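Now for the letters of each chain:
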Amino acid sequence: SQTIHQWPATLVQPVGSPLSLECTVEGTSNPNLYWYRQAAGRGLQLLFYSVGIGQISSEVPQNLSASRPQDRQFILSSKKLLLSDSGFYLCAWSAGQTYEQYFGPGTRLTVT
Amino acid sequence: TQLLEQSPQFLSIQEGENLTVYCNSSSVFSSLQWYRQEPGEGPVLLVTVVTGGEVKKLKRLTFQFGDARKDSSLHITAAQPGDTGLYLCAGAGVNSNSGYALNFGKGTSLLVTP
């Protein structure tokens with residue numbers, strides 16, 4: 001069966017510090033991968049998606065970036081965090097040419 | 001971006017009551033998913049509807065996709081405290097150029113009290 005991991009689970013970082021969140025998927029090959037941000041328990045904002053290694057598409061302009069160094073690894077980064085980067089970050093995967101997405105447990109980021 | 005409006009935003013009911021939540025858009029979707037999210041966790045996929053007019057049942061939950069594939073509803077019969085959570089709908093655009101990315105609504109937050 002497929003599983004998706006995210007870490008860390010929670011993170012408190014000062015403004016201006018760097019960020020690295022990691023997401024890995026097990027039990028599937030060539031997944032589509034997604035990063036979302038959710039504010040205050042409401043809707044999900046798509047940040048990045050990837051259909052293959054090294055292929056990253058950005059949905060919104062921001063000071064965040066994403067990378068996919070391996071087939072089942074997706075990383076969200078920032079060089080300098082802003083207060084507005086606080087939120088709940090979710091990674092998700094979908095299989096091949098399908099729309100059903102399966103989410104990880106999320107990372108709660110607080111920028112102070 | 002194809003906007004999905006969910007209503008109501010918040011709903012508080014007692015155990016045993018029935019309820020319906022709605023997901024509406026002016027755009028046509030090739031498919032629509034419903035997810036449930038509990039606090040501090042990732043959303044969990046409940047169902048996917050694809051065909052206009054389609055009805056799917058998952059125990060006490062009934063999902064319907066509008067005939068024109070622009071809207072959907074979720075009906076819960078005899079709600080239980082375990083149904084508490086944030087219900088999110090998400091649509092895949094007909095002419096999407098964003099891979100297989102979904103547009104999510106802002107969700108309906110449901111609280112079922114004993």
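Residues numbered from 1 in each chain as written. Chains lettered and ligands numbered in written order. Predicted model: local features only at pLDDT ≥ 70, side-chain atom pairs only at ≥ 80, totals over all residues. Heavy atoms only, no water.

Asks: Pulling in residues and values, what's your account of the overall build of chain B?
Replies: Secondary structure assignment for chain B yields 0 helices and 11 strands. In chain B, the succession of helices and strands from N to C terminus is β-β-β-β-β-β-β-β-β-β-β. The C-alpha radius of gyration of chain B comes to 14 Å, within 12% of the 13 Å expected for a compact globule of 114 residues. Taking the intrachain contacts of chain B between residues at least 6 apart in sequence as the baseline, contacts between residues at least 24 apart amount to 56%. When the accessible surface of chain B is split by element, carbon and sulfur atoms take 48% of a total near 5,500 Å². Computed over 8 positive and 9 negative side-chain charges, the inter-centroid distance for chain B is 6 Å. (Helix = DSSP H or I, 4+ residues; strand = E, 2+ residues; numbered from the N terminus. Rg over C-alpha atoms; globule rule 2.2 N^0.38 Å. Contact = heavy atoms within 4.5 Å. Areas by Shrake-Rupley, 256 points an atom, 1.4 Å probe, with all protein chains shown as cover. Lys, Arg positive; Asp, Glu negative; His and termini not counted. Charge placed at Lys NZ, Arg CZ, Asp CG, Glu CD.)

Asks: Give a detailed account of unusual backbone geometry, specifying residues and quantitative values.
Replies: Glycine aside, a negative phi is what most residues show, and trans is what most peptide bonds show. Note the cis peptide between Trp7(A) and Pro8(A), where omega equals 0°. Its place among the elements puts Pro8(A) in the loop between strand E1 (3-7) and strand E2 (10-13). Here the amide bond leading from Ser7(B) into Pro8(B) is cis, since omega sits at -10°, within 30 degrees of zero. Structurally, the position occupied by Pro8(B) is in the loop between strand E1 (5-7) and strand E2 (10-14). Positive phi is not limited to glycine here, since Arg69(B) has a value of about 60°. Tracing the backbone shows Arg69(B) in the loop between strand E7 (61-65) and strand E8 (71-76). Arg69(B) sits in the partly exposed class, given a relative accessible area of 29%. Here Ala78(B), not a glycine, exhibits a phi torsion of approximately 50°, which is positive. Considering the arrangement of structural elements, one finds Ala78(B) in the loop between E8 and strand E9 (85-93). (Buried < 20%, exposed > 50% of the residue type's maximum accessible area, 1.4 Å probe, protein only.)

Asks: Tell me about the pairing of strand E4 (residues 32-38) of chain A, residues and numbers included.
Replies: Residue and element names in this part refer to chain A. Burial within E4 is extensive, with 7 of its 7 residues counted as buried. Every second residue of E4 is oriented toward a common face, with Asn32, Tyr34, Tyr36 and Gln38 on one face and Leu33, Trp35 and Arg37 on the other, all of them buried. Taken together, the 7 bridges between E4 and strand E9 (residues 87-94) define a ladder with antiparallel strand orientation. Bridging from a neighbouring strand, tryptophan 35 pairs with cysteine 91 of E9. Where E4 lies against strand E5 (residues 44-52), 6 bridges are found, and the strand directions are antiparallel. When the bridges of E5 are listed, tyrosine 36 appears paired with leucine 46. (Pairing = 2+ DSSP bridges.)

Asks: Explain the side chain of Arg37(A) residue by residue, including any values.
Replies: Residues and elements named next belong to chain A. With respect to the helices and strands, arginine 37 occurs in strand E4. Among the polar contacts made by the side chain of arginine 37, one reaches the side chain of tyrosine 89 at a distance of 3.1 Å. Apart from the residues within four sequence positions on either side, arginine 37 is in contact with Gly43, Leu44, Gln45, Leu47, Gln62, Leu64, Ser84, Asp85, Ser86, Phe88 and Tyr89. (Polar contact = N/O pair within 3.5 Å; in protein donor to acceptor, adjacent residues only side chain to side chain.)

Purely geometric numbers; function is a separate question.
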